[in-house]
Amino acid sequence: QVQLVESGGGLVQAGGSLRLSCATSGIIFSDAHMGWYRQAPGKQRELVARIFRDSSTNYADSVKGRFTISRDNAKNTVYLQMNSLKPEDTAVYYCNAFRPVYDYNYWGQGTQVTVSA
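Keep in mind that this is a model prediction, so the values were computed, not measured. (Residues numbered from 1 in each chain as written. Predicted model: local features only at pLDDT ≥ 70, side-chain atom pairs only at ≥ 80, totals over all residues. Heavy atoms only, no water.)

Visitor: Where do I start with the packing of aromatic side chains in this structure?
Guide: Aromatic ring pairs are reported here in terms of the distance separating the ring centres and the angle at which the planes meet. Overall, the coordinates contain three aromatic pairs when judged by the stated rule. On the basis of an interplanar angle of 80° and a centroid distance of 6.3 Å, the ring pair of Phe52 and Phe98 is categorised as edge-to-face. You can see Phe52 sitting in the loop between strand E5 (46–51) and strand E6 (57–59) and its partner Phe98 sitting in strand E9 (residues 91–99), a full 46 residues away along the chain. Phe98 gets classed as buried once you look at its relative accessible area, which sits at 12%. Residue placement shows Arg19 over the ring face of Tyr79; its charged tip is 4.0 Å from the ring centre. Sitting above the plane of the Phe29 ring, Arg71 keeps its charged end 4.5 Å from the centroid. (Phe/Tyr/Trp six-rings, centres within 6.5 Å; stacked < 30°, edge-to-face > 60°. Helix = DSSP H or I, 4+ residues; strand = E, 2+ residues; numbered from the N terminus. Buried < 20%, exposed > 50% of the residue type's maximum accessible area, 1.4 Å probe, protein only. Lys NZ or Arg CZ within 6 Å of the ring centre and 35° of its normal.)

Visitor: When you look at the pairing of strand E8 (residues 77–82) in this model, what are you seeing that I'm missing?
Guide: For a regular strand, side chains alternate in direction, first toward one face of the sheet and then toward the other. Of all six residues that make up E8, five are buried, and the element is covered over most of its length. Pairing between strand E3 (residues 18–25) and E8: six bridges, direction antiparallel. Across the sheet, the residue bridging to Arg19 is Gln81, located in E8. The pairing of strand E7 (residues 67–72) with E8 spans six bridges and is antiparallel. Counterpart to Ser70 in the pairing with E8 is Tyr79. Counting the residues that bridge the hairpin from E7 to E8 gives four residues, and of these Asn76 lies at a positive phi of roughly 55°. (Pairing = 2+ DSSP bridges.)

Note that all results are geometric; they support no functional claim without further evidence.
What follows is the structure, encoded as structure tokens:
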């Protein structure tokens, strides 16, 4: 059974920081590409950041310089460090594991991040 479990969301003031974690099981984590997505009410799900199995990364322009994605293969866990948070960052944040060559794409249940002005 594949499981992706997010944690670390909460309520924070603008300018503050949060660190999200996504603990995985049921996949060969070191072979998986990982991502963080977010979805605000009434909005489309959008990519926030990705980290590939070689540890290269990319980011949405809206979070570049503020957010950092990282992975710990020994812990089968991916992180999203979010600094300088803005109210526009308010959303449910979802963890994603994907590997197109093997045609898998898995999602966690999400964790709420709310940034107050």
